[in-house]
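Tertiary structure, described
The lines below spell out each chain.
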Number of protein chains: 6
Amino acid sequence: MAKAQKIITFGEVLLRLSPAENRKLSQAKSLDFFFGGTEMNVGASLAVMGESVKHITAVSNDIVGDAALSSMLQYGLDVSSVQQVDHPIGQYLLEVGSGMRSSQIAYNRLNGSFANIQPDQINWNFEFEDASLFHWTGITPAISENAYQALKAALISANAKGLDITADPAYRSNLWQYGRNGQEVLKELVSLSTIFIGGVNEINEILGTSFGLDRDGFIEASKYLMTECPNIKQVFDKIRTGLSASWQKIYGRAFVDNTYLETDELEITQVIDRIGTGDAYAAGLIYGLHHLNAEKALNFANAACALKHTILGDVNLVSVAEITEVMQGNIGGRIKR
Amino acid sequence: MAKAQKIITFGEVLLRLSPAENRKLSQAKSLDFFFGGTEMNVGASLAVMGESVKHITAVSNDIVGDAALSSMLQYGLDVSSVQQVDHPIGQYLLEVGSGMRSSQIAYNRLNGSFANIQPDQINWNFEFEDASLFHWTGITPAISENAYQALKAALISANAKGLDITADPAYRSNLWQYGRNGQEVLKELVSLSTIFIGGVNEINEILGTSFGLDRDGFIEASKYLMTECPNIKQVFDKIRTGLSASWQKIYGRAFVDNTYLETDELEITQVIDRIGTGDAYAAGLIYGLHHLNAEKALNFANAACALKHTILGDVNLVSVAEITEVMQGNIGGRIKR
Amino acid sequence: MAKAQKIITFGEVLLRLSPAENRKLSQAKSLDFFFGGTEMNVGASLAVMGESVKHITAVSNDIVGDAALSSMLQYGLDVSSVQQVDHPIGQYLLEVGSGMRSSQIAYNRLNGSFANIQPDQINWNFEFEDASLFHWTGITPAISENAYQALKAALISANAKGLDITADPAYRSNLWQYGRNGQEVLKELVSLSTIFIGGVNEINEILGTSFGLDRDGFIEASKYLMTECPNIKQVFDKIRTGLSASWQKIYGRAFVDNTYLETDELEITQVIDRIGTGDAYAAGLIYGLHHLNAEKALNFANAACALKHTILGDVNLVSVAEITEVMQGNIGGRIKR
Amino acid sequence: MAKAQKIITFGEVLLRLSPAENRKLSQAKSLDFFFGGTEMNVGASLAVMGESVKHITAVSNDIVGDAALSSMLQYGLDVSSVQQVDHPIGQYLLEVGSGMRSSQIAYNRLNGSFANIQPDQINWNFEFEDASLFHWTGITPAISENAYQALKAALISANAKGLDITADPAYRSNLWQYGRNGQEVLKELVSLSTIFIGGVNEINEILGTSFGLDRDGFIEASKYLMTECPNIKQVFDKIRTGLSASWQKIYGRAFVDNTYLETDELEITQVIDRIGTGDAYAAGLIYGLHHLNAEKALNFANAACALKHTILGDVNLVSVAEITEVMQGNIGGRIKR
Amino acid sequence: MAKAQKIITFGEVLLRLSPAENRKLSQAKSLDFFFGGTEMNVGASLAVMGESVKHITAVSNDIVGDAALSSMLQYGLDVSSVQQVDHPIGQYLLEVGSGMRSSQIAYNRLNGSFANIQPDQINWNFEFEDASLFHWTGITPAISENAYQALKAALISANAKGLDITADPAYRSNLWQYGRNGQEVLKELVSLSTIFIGGVNEINEILGTSFGLDRDGFIEASKYLMTECPNIKQVFDKIRTGLSASWQKIYGRAFVDNTYLETDELEITQVIDRIGTGDAYAAGLIYGLHHLNAEKALNFANAACALKHTILGDVNLVSVAEITEVMQGNIGGRIKR
Amino acid sequence: MAKAQKIITFGEVLLRLSPAENRKLSQAKSLDFFFGGTEMNVGASLAVMGESVKHITAVSNDIVGDAALSSMLQYGLDVSSVQQVDHPIGQYLLEVGSGMRSSQIAYNRLNGSFANIQPDQINWNFEFEDASLFHWTGITPAISENAYQALKAALISANAKGLDITADPAYRSNLWQYGRNGQEVLKELVSLSTIFIGGVNEINEILGTSFGLDRDGFIEASKYLMTECPNIKQVFDKIRTGLSASWQKIYGRAFVDNTYLETDELEITQVIDRIGTGDAYAAGLIYGLHHLNAEKALNFANAACALKHTILGDVNLVSVAEITEVMQGNIGGRIKR
């Protein structure tokens, strides 16, 4: 197996709060908490798998920020470049749904520590020294001008250094309140990336197209994306079918080397936690692309994503061994003694 | 949308105790608790939906009764007519089953505060001032002579005022220990009501008939009920199929304006709490009949009932928006950010 | 006993989060939560004592705001004038100290829903109809210009209506970030009030004086305050001695009708929760001034404050009977069967 | 050390429910529970110390009664003579006080399973075969006529068999609702006993006297009791001083063989649970009288009582070794590795 | 129904620790615990069903061993022959899987108290006085030479007394570290037994054969086993199909009196706890063989096994009534009031 | 302030399990857990204070060992030299006492992963590169021959490199079961150290002397130790007075540069956790000796030790700022907002 790669992730760390036992908030007296955030989730999952990962972010300069650092350390992340600023850490409160009842989230992040990150205090050239991959998502540029500027600087530096750059351009309309146009920004930043983690919906949103959701639409959209953003060399997507909040199906597809790839569908009949399953896919993919070929990487990513549905919290804590077993079809749940 | 209606509910409030995690009582060290009771559940659910609801009951004159009042206040109920009497509050202890293991309940209610309610201290004419609907169930007259007398007085007053009166004539044979004949009493009280929430089983029990359980039997039974109890203008029922304690199916049917109505079946594959699902149906129906037509009200009631299976405790805490979504077929459990 | 008075309180409602068992945040997996906030605490405590209290505030327009409303309802507060705005609710995270280890708080409130309250949507003349007392604290004008404007409008209206106005001018230097001078504002607002809940430190801060902390200093400071702010007719203070975070002593003193009053000292050897003890004092005082003479009111306030140290959460939930017993010297902790 | 004695205890088993963390009931979402009851507490404590103890009672014939049996088995009690009857088990709900805030209890026991025990189904002559001691308290005859009749039959049989009979004649005025005069009954039953566990207050209540509470009053009262109830050969008492609900002092005194005995005072500065401390004293005494002389037995009882303040729940779970250490003055709390 | 039989079980008692909510250990702050162990699980389940069961084992001579005894007492086991030795009790830490994520176990038992049991301190002839059945499993002889010697002595004595002997020869390769050959030992011990609880896999492992897993293979294997180990008169097996860790199917088959028996398949869609389901099958079988015919016993065993999947912990706590209902096909999960 | 020093700690990491709420194990259903161990506690506390610390140990090669690594990462320790071996991790089960009830511990460590550490797989010369201090305790050589050999090799290497070496020679008689003489070994190892953290009792145990416990005895003992073990240049001790398990007093004393030093006594009236308070002292001392003079270091150590009594778990999580405040006399427990 190839030696551990050095990966840089960049993005907000949020305090997640949620009542246990699928309770409504008004029924609870305590809240479980985790520190999460899409890019940190990817980094932490990669660290758990054994990669060497540094996460760059800004947390609050108080007991909550200290606890966030402690949590990142526990995942095995390098936190030596985390800023502590005089703004509260962002957070979200999650009521976990069940069956036909949806989960609901209330955010409090737009005036938080990451929104107030100091772009000029990050030395991207220094950070990317020896690094092989940089991962970003569309959440970051949606939070604030500071966050956008920091990310753009990162991408320019990473390009110059020749890193692989994975882009997960999730577009969330209820962010983007600081003035910039999400579509334009995302297109600009995707153009600075090399691997696209997303599908037809994301491409349509960014490029203003209307490709169909089926296999052919996906292939066409991928080709068009590679034309518009010629740095993009690979497109990896996952297709989720939600029978209910508790019962989900998932498979992966990709367009790589002019070839369409697709995995078997995995079914999760008792979802424990759906948050972070996309991040688990991204982490699985990044791990897989380093250690496996593209087809196996896609399967590894899909298995990682499926397994994350059984893990509480934002971060996928399963091991490479556990993912590999599912990837090989061992899903009967035998006890490992 | 029509303005909030003023609703009066009347019935026992019970302290519910149950071990968490589907534990047997002998395995537990603590018990989750909720205040519930079929009529209060209906009222509380309606208050959560935004209706103006007063619940009339008697609770104990001690710290438990105080906590029951506090809980009702939290649901938004008007508790200004609740009596506090020198008898302990009724309660039940619930071992929550799972799969093929049934839930088990041990009651302690027959000498409690509600059984000792003082009928002559309730001024029904005052209570029904401005009210539009009164809801009762067959549990109340089964508890004690006092409870029966209070309910009968309420129905006479409500009739005189021309209120809508919803009757949920649940018959439980292990109650009715104070001397009266349940069948006779229920027929008497249903005759004083205008909307029947029940089906063939309930009609057969009350009227001593033996209609079949199929669609035709339901129509015939409804017609016969309307003949025997001519105040009854509408019959609303729900049909439950239990695959296990954790997996249930439910649909609604009704006989209204000489027309048979039926909803699609909704499936709950991971029941969190089955207690109070009938009350959720009744509350959904009462809300629906005020704000929607009968067919939509039936669908609203069925969706409310289905959603209650995902809520811990006796009371359905879902919002009108959540019910409406399920009613419209959105059951895939997408996260609401 | 005099009939319940109608009281209006106004101020931020915060989500309070804290690890149980005096844990550090990094050691916890869940957080107990309560809704609190100094003015709401006063109102809720008064409602628990049986007064009729309306609390005016702005909470978030999401599931957290809904839960805040539910919590206020449970305390018995009238929430019909609460605004729901599109900003997250303020919050604080509390690490509960013990012994010589101090409690630590991290706030997140300065961009929250209350900071964004809409002053012009509060009709103070309508709110003060039939009301007898308005309570405010120095936290409110420190949060934002909006909060300051709303409070100032309230005080002008309350003065015009001739209400009693209790001012608890707590000065916190780490608030006041929106531009105004705390000292000036507080002096202006105290001038619009009739009862001052504070002592030498508060007077020195507001008026820029340097009176001594002893009895004579307190009397001189009170007199000077009444000269500078002639609406103020009474001054009530409490003196706390902290042996440790877990062991506190407290007594009350006052300057009323040109007379100095002082209570015995009460000792709390095992503090359960120190947050909200000042609010318990204020609520006890307001209750006492309505139902008792000034000297007894001071004793009632001090007993309420002492008892609050034994109650978890922000709000003092003890009853008038419990306070009265402590006020009468029954502190031996006999079990009440 | 003497071999284990066979002891019979008789009395109600109650389900105890209480919020954790000294919470008020309205603040809690779950309740810790224990099965307790003064006579069972004594028996269970003796079983934990290694004695052979059978407890006779009636519990409910449902899942709660089953759990009560399971709990008694865990303490090591012989439950082979426990009745299961069709009445709910008695219970009490306890809000645990702290400092100057008293604990509060709400009972629900007067129509429960023990109140409905069937006296004629207990064969006391069989039960007392091989037994050496019978223990009862004044709670039992206060609950119902059935309970009184069963206890009286027990005492007559135990007398005939020549057993030691320990009487703890606690008088609670809020019981005794079924018609009999508590004072008369208790005097009758104490007359059938040999060891009195109580002091001046209890003697004054039973005999209608007014002896003083000091040492001389205690001696005089004891002598008078032995005159009025000549079967009584020994009197053992404990004196509690409550500085607060959390801080208590306790010492024992006795009148035995015409001699006054007194222990040192033990101080408990952080009471964890005060319920059952009297029962711990009684159990310690019964154990001590079998294995030690009267003076040491008194010290053992006082140490057992003091240690019970550090144990959650109704039953004293400390070992003979732990009690012996405290009795020998080792109270510094060294860790035992 | 036949009177309770006296049963002896023998084997290790383990402390089981597991994070709640399917958490990974690194995510948890507390661990649920139970005392379990395959043979004790069988005995405890039989005691819960009303049989008279003594469990023989060795536990630690410390607070953990004391708690193990307390737990066994609670199940109703006779613990009078349990040894307490100066070695820590064995334990296992269980991460409970979900869906396609397997449960994982870390053991710590090979140097524990049971491994150090003193064979010569067990008087098997005394223990088997009046007993009718002895149950053992293949775990015991795999732990240590001491455990093997004690078991072999038991089997020789039980044979001499003519007891029924149930053998559950589970073979676990990661045990057997003390030197003996598992295959040889198990064959020797099965030869001393009368009822074989196992199937083709177990027979193949012990006898070194390679029978097929289908019905015919099972019949052939059973016949061959009865030839090799002629004391064996009956073979009972169960067939599990794992769709995932949370979704399992199970049916029983047997070869008795030269006849093949098979039950319907039961499906568990939401597994709460899979540990101890085989022990529940064995206990159900032993109960069934005493009270029912072989075919019904097999059905009873399968129903008991299925129900155990809904019970947390190692021991099946369901009642004979609950098992009988499932055996009769009532699996819809109706609430029992 | 001086820059962070690089520190090496070496010793067993234990899984600590304890019931919450001072419960007895038999009363609990779950156990709080922490990873601790005297040397790791010192290292973790130093890492929390900002030092650069590597901890060397051996943990199990299973999910528990993984979690131990995760926990060490969270404290900020460098775990790159931790071995994972095929033996279970050591552990202890703690019943937390209260008042006059002592805490009790049951250990399971003597056959665990650390006892089986591979001495030849540690390259001490590599580990001590750039390091300035090595810390060890008397627990390590008491566990096994392997542990002793590894420690001795470390001390020889550290001496050669000229590191400061802190020795905390705690002698526990119930360890030392593998054959060596504790007294001899400890004297040998102390002779290889430079700073002695212990007092008269430890010196008497190691050197077989009988110095008195008072100040003069301490000075004489220190001098004699420096004669016998001439590498030792400084002696630091703390004196604890236990009023009960919940109420402790502590002060430090030292003999440095031929001078006697002594701190004020600090009093902890509500001990939350006494485990690890000695380790907190050692960590405070090591930090203090690097950043302060000897007298201040002693005060810093004593304050750290006192504060640890307020922190749950084995590791002192307080910050340098918190310790400094207590060291400066601020012990009134003001809330830090």
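Above this text sits the structure in question.
Residues numbered from 1 in each chain as written. Chains lettered and ligands numbered in written order. Predicted model: local features only at pLDDT ≥ 70, side-chain atom pairs only at ≥ 80, totals over all residues. Heavy atoms only, no water.

A few points about the interface of chain E and chain A
The interface of chain E with chain A comprises 29 residues on the first partner and 28 residues on the second. For the chain E and chain A pair, buried surface summed over both sides reaches about 2400 Å², with 53% attributable to carbon and sulfur atoms. Broken down residue by residue, the surface that chain E buries against chain A is led by E:Q27, E:M100 and E:R101, which jointly contribute 27%. Along the contact surface separating chain E from chain A lie 2 salt bridges. E:K24 is paired through a salt bridge with A:E322; the nearest N and O atoms lie 3.0 Å apart. Connecting chain E to chain A are 11 residue pairs in polar contact (both at pLDDT 80 or more). Elements represented by at least two residues in the side of chain E that touches chain A include exactly β8 (104-108), β12 (234-244) and β13 (247-256) of chain E. Tallied by class, residues from the side of chain E that touches chain A come to 8 nonpolar, 15 polar and 6 charged. (Contact = heavy atoms within 4.5 Å. Buried area = accessible area lost by both parts, 1.4 Å probe. Salt bridge = Lys/Arg side-chain N within 4 Å of Asp/Glu carboxyl O. Polar contact = N/O pair within 3.5 Å; in protein donor to acceptor, adjacent residues only side chain to side chain. Helix = DSSP H or I, 4+ residues; strand = E, 2+ residues; numbered from the N terminus. Nonpolar A, V, L, I, M, F, W, Y, C, P; charged D, E, K, R; others polar.)

So, the interface of chain D and chain F
Each side of the interface is counted separately: chain D has 28 residues, and chain F has 29 residues. Interface area for chain D against chain F, summed over the two sides, is near 2400 Å², with a carbon-plus-sulfur share of 53%. Where chain D touches chain F, the interface holds 2 salt bridges. The partner of F:R23 in a salt bridge is D:D32, and the shortest N-O contact between them spans 3.5 Å. The interface formed by chain D and chain F contains 12 residue pairs in polar contact (both at pLDDT 80 or more). Contributions of two or more residues to the side of chain D that touches chain F are made by β3 (30-36), β15 (266-268), α10 (294-308) and α11 (320-327) of chain D. If you tally residues by element for the side of chain D that touches chain F, the top one is β15(D), at 3 residues.

A look at the sheet that holds strand β3 (residues 30-36) of chain C
Judged by pairing direction, the sheet is mixed, and its 8 strands sit side by side in the order β8(A)-β7(A)-β2(A)-β3(A)-β3(C)-β2(C)-β7(C)-β8(C) without closing on themselves. Of all the strands in the sheet, just β8 (104-108) of chain A together with β8 (104-108) of chain C have a single pairing partner and so form its edges. Taken pair by pair, the neighbouring strands of this sheet meet at an average axis angle of 30°, ignoring direction. Examined bridge by bridge, strand β2 (residues 14-18) of chain A and strand β3 (residues 30-36) of chain A share 5 bridges and lie antiparallel to one another. If you follow A:S18 over to β3(A), its bridge partner there is A:D32. (Pairing = 2+ DSSP bridges. Axes fitted to C-alpha atoms, helices over the stretch in contact; angles between N-to-C directions.)

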